[in-house]
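# Structural description and commentary
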Amino acid sequence: MAEKIFDLTLTGLLALDFANTVDWRTSEHPDELLNSYSDLIRWSQHTELLTVAQAQRISREAARRPAEADAVLDRAKQLRETLLRTFSATAARRQTEKTDLEFLNAKIREALPHLQIVPTADGFSWTWTDGEDRLDRMLWAVARAAGELLTDADALAQLRLCANEECGWLFVDTSRNKSRRWCKMEVCGNRVKARRHYEQVKSKR
Ligand SMILES: [Zn+2]
């Protein structure tokens, strides 16, 4: 079931996908998708941050070091909330919090020493090396992706908060006429339309 929820959260942008790991965030009943360190691993696999082999290895490590796994989950959520505040502010053309940027920069500084280029069949690619047993390695790519998004003026100009006021998800509007309002039409658009229809029927009575 959680896999299905994760499917819905995919915007194609890692930092936003991570920020969107609370469902119905701005409603009265937010639905946390990262309830355990295992959820964080499953999300990381789903978004291809970890291969199956890496996920298995890190799961075994987490089972041996449960307190550390819990601490990583806490840090992950701290990073997520930082990203959410920062991107929401940016989407609303508000200034971002200085402390949030400091926190994100600290995470980027932790991540970047692990980044290297490796040769591939047709050139080179970026890869995260060493620390195969590090329980927080998936956060490196999230922090870097957040930095890349914040420095991408074109993407930032299209950053939106879903128009469903109970949703709280962020997305980048790549539609041609820049008129997209919902994170996903099938999730929020239909729900809001259904409610509007219901209210109209109700008011006619
Ligand atoms: Zn939405």
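The following paragraphs examine the structure supplied in this document. (Residues numbered from 1 in each chain as written. Predicted model: local features only at pLDDT ≥ 70, side-chain atom pairs only at ≥ 80, totals over all residues. Heavy atoms only, no water.)

### Examining the overall build of the protein chain
If you tally the helices and strands in the protein chain, you get nine helices and six strands. Buried positions account for 43% of the 205 residues belonging to the protein chain. Considering only intrachain contacts with a sequence separation of at least 6, the fraction spanning at least 24 residues in the protein chain is 58%. Here the protein chain displays about 11700 Å² of accessible surface, and carbon together with sulfur accounts for 51% of that area. (Helix = DSSP H or I, 4+ residues; strand = E, 2+ residues; numbered from the N terminus. Buried < 20%, exposed > 50% of the residue type's maximum accessible area, 1.4 Å probe, protein only. Contact = heavy atoms within 4.5 Å. Areas by Shrake-Rupley, 256 points an atom, 1.4 Å probe, with all protein chains shown as cover.)

### A few points about the packing of helix H5 (residues 66-91) against helix H7 (residues 137-150)
Packing of H5 against H7 brings their axes to within 11 Å, and their N-to-C directions diverge by 10°. The angle between the axes of H5 and H7 places the two elements in the roughly parallel class. Only Leu 139, Val 142, Ala 143, Ala 146, Leu 149 and Leu 150 of H7 make contact with H5, whose side of the interface consists of Val 72, Arg 75, Ala 76, Leu 79, Leu 83, Thr 86, Phe 87 and Thr 90. Broken down by class, the residue content of the contact of H5 with H7 amounts to 11 nonpolar, two polar and one charged. (Axes fitted to C-alpha atoms, helices over the stretch in contact; angles between N-to-C directions. Parallel < 35°, antiparallel > 145°, perpendicular 65-115°, else oblique. Nonpolar A, V, L, I, M, F, W, Y, C, P; charged D, E, K, R; others polar.)

### Comments concerning the layout of surface pockets
Picture a little ball the size of a water molecule; that probe, rolled over the atoms, points out where space is still empty. What the largest pocket holds in volume is close to 240 Å³. In terms of lining residues, the largest pocket is bounded by Leu 13, Leu 14, Ala 15, Leu 49, Trp 128, Ala 141, Arg 144, Ala 145, Glu 148, Leu 149, Asp 152 and Ala 155. Within the residue set of the lining of the largest pocket, elements represented by two or more residues are helix H2 (14-19) and H7. For the lining of the largest pocket, the element with the highest residue contribution is H7, accounting for five residues. Looking at the lining of the largest pocket residue by residue, the classes come out as nine nonpolar, no polar and three charged. (1 Å grid on protein atoms, 1.4 Å probe; cavity = no way out; pocket = protein on both sides within 12 Å on 5 of 7 lines; lining within 4 Å. Points joined across faces, edges and corners; volume = space filled by probe spheres on them.)

### Considering the environment of Glu 110
Tracing the backbone shows Glu 110 in helix H6 (residues 98-111). Residue class for Glu 110 comes out partly exposed when judged on its relative accessible area of 34%. For the pair Glu 110 and Ala 143, spaced 33 residues apart in the sequence, the C-alpha separation amounts to 9.1 Å. A distance of 3.2 Å separates a polar atom in the side chain of Glu 110 from a polar atom in the side chain of Lys 107. (Polar contact = N/O pair within 3.5 Å; in protein donor to acceptor, adjacent residues only side chain to side chain.)

### What about the packing of aromatic side chains?
Scanning the model with the defined rule gives two aromatic pairs in all. Pairing Trp 128 with Trp 140 gives two aromatic rings, centres 6.1 Å apart and planes at 45°, and the pair type is tilted. Separated by 12 residues along the polypeptide, Trp 128 in strand S4 (residues 123-128) and Trp 140 in helix H7 bring together distant segments of the chain. As far as the burial class goes, Trp 128 and Trp 140 line up, both buried. Across from the ring centre of Trp 126, 5.1 Å away, lies the NZ or CZ of Arg 144, which sits over that ring. (Phe/Tyr/Trp six-rings, centres within 6.5 Å; stacked < 30°, edge-to-face > 60°. Lys NZ or Arg CZ within 6 Å of the ring centre and 35° of its normal.)

### With respect to the coordination of the zinc ion
For the zinc ion, every protein donor is listed as Cys 162 (SG), Cys 167 (SG), Cys 183 (SG) and Cys 188 (SG), and the spread of their distances is 2.3 to 2.4 Å. Around the zinc ion, the four donor atoms are arranged such that angles at the metal cover 105 to 118°; this shape is classified as tetrahedral. Look at where the donors of the zinc ion fall in the sequence and you get C-x4-C-x15-C-x4-C. Across the pair, exposure class does not vary: Cys 183 and Cys 188 are buried alike. (Donors = N, O, S within 2.8 Å, 3.2 Å for Na, K, Ca; no water. Tetrahedral: all angles 85-135°; square planar, octahedral: opposite > 155°, others 65-115°.)

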